[in-house]
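Inside the fold
Chain by chain, the residues run as shown.
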Amino acid sequence: MRRKDREVIDPMKIADIISRCTCCRIGFYDDGEVYILPINFGYVQTDDTYVFYFHGAKEGRKIDIIQKNPNVGFEMDTDYALHKADIACRHSARFQSIIGNGIVSIVSEPEEKKLGLSLLMEHNSEKREWEFDEKMVNAVTVFKLTVTKMSCKEHQ
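This text gives an overview of the structure that appears in the document. (Residues numbered from 1 in each chain as written. Predicted model: local features only at pLDDT ≥ 70, side-chain atom pairs only at ≥ 80, totals over all residues. Heavy atoms only, no water.)

All of the buried residues along helix α1 (residues 11-20) are I14, A15, I17 and I18. Buried residues along α1 cover an arc of 160° about the axis, so they all sit on one side. (Buried < 20%, exposed > 50% of the residue type's maximum accessible area, 1.4 Å probe, protein only. Helix = DSSP H or I, 4+ residues; strand = E, 2+ residues; numbered from the N terminus. Arc of directions from axis to C-beta.)

Let us look at a nonpolar patch on the surface. Side chains of Y29, V34 and I36 sit close together on the surface and give an oily, nonpolar patch of about 330 Å² of accessible area. Mapped onto the secondary structure, V34 falls in strand β3 (residues 33-39). Judged by relative accessible area, V34 falls into the exposed class, the value being 60%. (Patch = residues over 30% accessible without salt bridge, like charges linked within 9 Å, V, L, I, M, F, W, Y side chains within 5 Å. Areas by Shrake-Rupley, 256 points an atom, 1.4 Å probe, with all protein chains shown as cover. Salt bridge = Lys/Arg side-chain N within 4 Å of Asp/Glu carboxyl O.)

Turning our attention to the layout of surface pockets. Size it by volume and the largest pocket reaches roughly 230 Å³. Surrounding the largest pocket, 14 residues form its lining, I14, Q45, D48, Y50 and M150 being those nearest its centre. Elements with a minimum of two residues in the lining of the largest pocket: β1 (7-8), α1 and β8 (141-155). Residue composition of the lining of the largest pocket, by class: 8 nonpolar, 3 polar and 3 charged. Lining the second largest pocket, in full, are S19, Y43, L119, E122, H123, E126 and R128. (1 Å grid on protein atoms, 1.4 Å probe; cavity = no way out; pocket = protein on both sides within 12 Å on 5 of 7 lines; lining within 4 Å. Points joined across faces, edges and corners; volume = space filled by probe spheres on them. Nonpolar A, V, L, I, M, F, W, Y, C, P; charged D, E, K, R; others polar.)

Don't take any of this as a statement about function, it's just geometry.
Structure follows, in C-alpha cells:
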C-alpha cells in the first residue's frame, strides 16, 4: 500500500469496517473482459481467514465465469463523504475500504448453503435465527469467496 498512513492493520477495526459494509463488488475476469458484480453478502472469519458468502440465480454469466476462472478481486467500502474545497485539487474524501483477491467456488453441500444464507441474512438484517427449508435452499445458488489477500484503508 502506497499510503501507509492510511493503512488499517488492527484486526478488530478491519472486522468493524467489514461489518458496516453493505455491498461487495466482485471483479470477475471473463475472456478478456472484467465483469464487476455488486452484491450483498454475509461472512465468517476464522483466525486470519475471511470467507464471504453470496447467493444468486442458478444460471447466468457469473455462474459460467466461476466455473471457468475462480480467481477474483473484490472491493467494499463504507462511510464515504466528499470534502469540498475552493480549489479543485484540494477536494478530498473520507472513506473506509477493503480490497483484495480470492477464490470463488459454488457451495453444493446443503448445510454449508444454509450457513451461507444464514450469514447473509444476519449481516443484512442483524437477526441471527433463520430457518431455510429444502425448497428455499434448492432455489438459489450459494457461492463463497475465500480471501487470499486483503488490505484495508481509511481516510478521515
